[in-house]
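# Fold and contact review
The chain contents come next:
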Amino acid sequence: MRFRRRHLSLWFLLLAYGAACWWVFTRSTPVWRRRPVTIYFAHWQIERGPPAGIDAVIRRYEELNPRVHVVQLAIPGGTIYPQWLRSNLAGGTGADLLEWGSWVPGTKDIPARYFSPLTSELAKPNPYNRGTSQEKIAWQDTFHDGLLAPRRESPDPGQIYAVNLTEHSLRLFANAGLMRQIAGRVVELKTFDDLRRLLVQVRTYAQRTGQPISGIAGSRDTTRALVEPLLVPTMLREVYAMDEGGQLFLYNRQLLAGYLEGKWRYSDPAVKAALGLIREVTDAMKPGFQQLRRDDAMLEFLRGQALFFFYGTWDATSLHQLASFEIKTYKLPPVTPDDPKVGPMVLGIMGEGMGETGLSMYLNKDSAHPAEALDFLKFITSVPGNQIFTDHSLWLPAVNGVVVPEPIRNFRDYLQGYAFGQAPIDAIGSEASMEWDRHFYELIGEQGSVDRFAATMDRLGPTAIRTDLTSELRNTLLLVKPQDVQIVGWAGLAGDAARTRQSELEMGQTMSEGLALQMRRVLEKTAN
Amino acid sequence: MVACSAGTAGNDWNSLANLRTRDVLRALPEGGGSRPERLAWAAAELGDQPVTEGNLQAAERVLAELAGGDDAIAPEAAYLRARIYQLHRATPDYARAAAIYQELAERWPRSHWAQLGLVKLALLELYLLPGAAKEEDRIATAEKLLARVEEPPLRRDLQLQIGLAGIALRVPIARFLPHLVAAARFGGIGGSAREDILVQIGVLSSRCGEWAQAREFFERYLQEFPRNARAFAVRERLAEVNRHLAPEGGP
């Protein structure tokens, strides 16, 4: 009897083990879901700050919405996020809410293919702002910059596809103790020439003491960020000359078209002057910096082997938490019209605007729970939601009415000046950008030269830039064609909301078609 | 416009509005029975991925047949048919698309689809269709079509396009600026286009000495986009405009 009972227990255990294996290998979902809806929020901000901020927002949101579970997916940027993004979207397994930026390589077509516009929702007040200073204000107007980047980067000029969580700017972080050792004091940097002179002092100090100290911590990523503001000041006159439409700003498609029409060249004096400035700052980095990434540059700075680290305020939280020394933060000092080397070419100081918001989140148009995903976006960009994000991440808020914590308050002090365009000439298109990166070594270091790099880019430019403008055209058409189907769909539905959506789509489609025809005309006129 | 109750379930239109074309094709496996159903099926064929020449030809056949009718479906079908020739085919046939838009506007001049077709026809005339001796003629042809567009939002869209084409075709500013101004005054332009048009009118008005108009649009821009990176340059231009206006008795 006892033997039979033991035998039965053994069978029962085996059965339970088999059932558990079957569940794990075939289902891999929890046996009981505590909440009926799960939404996924994917981004690449794995620095210190944002994951904690987003977690805190999720905790509060789940308290308010017991039906919904929000899962944060922090995917490393660089090469992993773009591949992860595309493969999941193409496979129909994309997260409900996804971060995207126009500079992420090889993803220009993603918004048109996979994201839903938020325009009509943005025109209404955000319900989570009830009882705050932003209560009756349209959601889009509650953002500190009115969503400049999502408007500018929209594949459809009549639509807005994203909302932003934070605000950022580029800053020069300095090791204050090291600066005192080198210069005898903490120097105020008012112009680029002040920086230039300090970098010479660093080199002299390193040679005199034999210490391996660089002026600027170098890496491929951070150098790109440092190069871009230097490309702009001497080129502004050229940009304004090309600006026949009076926008006081050029979109990438216009700079691409301008090159094909012969309106600018890499070997123009203005561009060469900018390339000379780039040589000056890269000379202050340790040799081989192009093989390094952002984290390597940060480590070089944290070890006290570089006076400056240049990157976004998104790294400030990490730097302040990890550094064992006092950090002083500067705006990149502007290249001014009285600069001893390039001054005569400089029209005026380039501005940073009044702060541009970022960390753009998009709604996947194949989301299984679009209403809940949109609702979470509204919460995280409401005054209370964004306050939680800011307090826990120490990243600037994107939303008006949020109190900025003391340690980051000075990040909102912006340099006022002229605007340039959607992107400097190193980033106007995937192909042109790739050629820039591939041949950057021809510009820098002892073997590099401005003339050689400019000549190479002008040799490769026509093909690369034609490819980029063709891609812009193709991406625009990618958006326009399915809109015919959507317009017919909305026309068939009754009600004012359907009429409004139909009219918005018709307007946006006509604008996009106009742009596509302009690009096509340039491509045809400049063929051969 | 096709009412949702006209024989096709609202679900099909809803699926098309959300680009779920596969759902429509699954719901109408035989291509649909009623005329609205057949229109929905043809529209779904246009958007169903991957789009093939075979799909487009099948859709075009159905649309041609529907366009031969005399109900609310007919102009919509004719419009979509023109879109196939203009946009969806791998090798577009702009002349054929233009001919269908013309016929549509003559047969049902008040139909929304004919009116929308006139806007698309104007775009073809502005940039692609042959026959213009000089670029200004393209603007004139589009203006003739504009005179036939009666729906205010579509007039705005076409005026905006005539203005932007004027810039791209490099015709004299005075020839196209009134269209940009009319589009901006009508309102409802969204996204980045809204910021662009306010600055553009300000700058282009300054270039041709229309100082009061320049001031109006620069001030509107600064009111709506005070934090935009372009605000610094706009403030500088506005100060210049005000200097010009001061001797004329302006404030």
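Parameters and conventions
Residues numbered from 1 in each chain as written. Chains lettered and ligands numbered in written order. Predicted model: local features only at pLDDT ≥ 70, side-chain atom pairs only at ≥ 80, totals over all residues. Heavy atoms only, no water. Helix = DSSP H or I, 4+ residues; strand = E, 2+ residues; numbered from the N terminus. Rg over C-alpha atoms; globule rule 2.2 N^0.38 Å. Buried < 20%, exposed > 50% of the residue type's maximum accessible area, 1.4 Å probe, protein only. Areas by Shrake-Rupley, 256 points an atom, 1.4 Å probe, with all protein chains shown as cover. Axes fitted to C-alpha atoms, helices over the stretch in contact; angles between N-to-C directions. Parallel < 35°, antiparallel > 145°, perpendicular 65-115°, else oblique. Left-handed = near helix turned anticlockwise from the far one by under 90°. Contact = heavy atoms within 4.5 Å. Expected span 1.5 Å × (residues − 1). Arc of directions from axis to C-beta. Buried area = accessible area lost by both parts, 1.4 Å probe. Salt bridge = Lys/Arg side-chain N within 4 Å of Asp/Glu carboxyl O. Polar contact = N/O pair within 3.5 Å; in protein donor to acceptor, adjacent residues only side chain to side chain. Pairing = 2+ DSSP bridges.

What chain A contains, in helices and strands, is 19 helices and 11 strands. Against the compact-globule benchmark of 24 Å for 528 residues, chain A has a radius of gyration of 26 Å, which places it among compact chains. In terms of overall dimensions, chain A has C-alpha extents of about 95 × 60 × 50 Å along its principal axes. With 528 residues in all, chain A has 59% of them scored as buried. On chain A, roughly 22300 Å² of surface is accessible, and the fraction owed to carbon and sulfur atoms is 55%.

This next bit is on the packing of helix α2 (residues 50–64) of chain A against helix α15 (residues 370–380) of chain A. Residues and elements named next belong to chain A. Contact geometry of α2 with α15 gives a least axis separation of 10 Å together with a crossing angle of 120°. Between α2 and α15, the angle is such that the two are oblique. The chirality of how α2 crosses α15 is right-handed. Across the interface between the two elements, I54, V57, I58, R60, Y61 and L64 of α2 pack against E372, D375, F376, F379 and I380 of α15.

Residue and element names in this part refer to chain B. Look at helix α8 (residues 135–146): 17 Å from first C-alpha to last across 12 residues, which is about the 16 Å you get at 1.5 Å a residue. Every buried residue of α8 is listed here: R138, I139, A142, L145 and L146. One face of α8 carries all of its buried residues, which in axial projection span an arc of 115°. As for α8, its buried residues are in contact with α7 (112–127), α9 (152–169) and α10 (173–186).

Listed by partner, the interface residues are 66 residues for chain B and 57 residues for chain A. Contact between chain B and chain A buries roughly 5300 Å² in total, counting both sides, with carbon and sulfur atoms accounting for 58%. Among the residues of chain B in contact with chain A, Y127(B), R170(B) and R227(B) are the three that bury the most area, contributing 13% of the side total. In this structure, the connection of chain B to chain A is made through 7 salt bridges. The salt bridge involving R170(B) is made with E261(A); its shortest N-O contact spans 3.6 Å. Across the chain B-chain A interface, the total number found is 20 residue pairs in polar contact (both at pLDDT 80 or more).

Our focus in this paragraph is the pattern of salt bridges. Following the criterion strictly, the structure yields 54 salt bridges over all chains and no others. Notably, a salt bridge pairs R452(A) with E442(A), separated by 3.8 Å at the nearest N-O pair. Taken together, the residues span a long stretch of sequence, with R452(A) in helix α18 (residues 450–492) and E442(A) in the loop between α17 (430–439) and α18 at a distance of 10 residues. Among the salt bridges present, the one from D484(A) reaches R83(B), with a minimum N-O distance of 3.0 Å. Remark: R83(B) occurs in helix α5 (residues 73–88) and D484(A) occurs in helix α18; the pair is interchain, linking two chains. Classification of D484(A) as buried rests on a relative accessible area of 2%. Given a relative accessible area of 0%, R83(B) falls into the buried group. If you follow the salt bridges from partner to partner, you end up with D193(A), D194(A), R196(A), R197(A), E280(A), D339(A) and K341(A) in one network.

Residue and element names in this part refer to chain A. Pairing is mixed across the open sheet formed by 4 strands, whose spatial order is β7-β8-β6-β9. Edge positions in the sheet fall to β7 (214–216) and β9 (327–331), since each of these pairs with one other strand and no more. Across this sheet, the average inter-strand angle for adjacent strands is 25°, counted without regard to direction. Summarising the sheet, strand β6 (residues 170–175) and β9 pair through 5 bridges and their orientation is antiparallel. For A174, the partnering residue across the bridge sits in β9 and is K328. Of the strands in this sheet, β6, β8 (306–312) and β9 touch helix α7 (residues 176–183), which is tilted by about 65° from β6.

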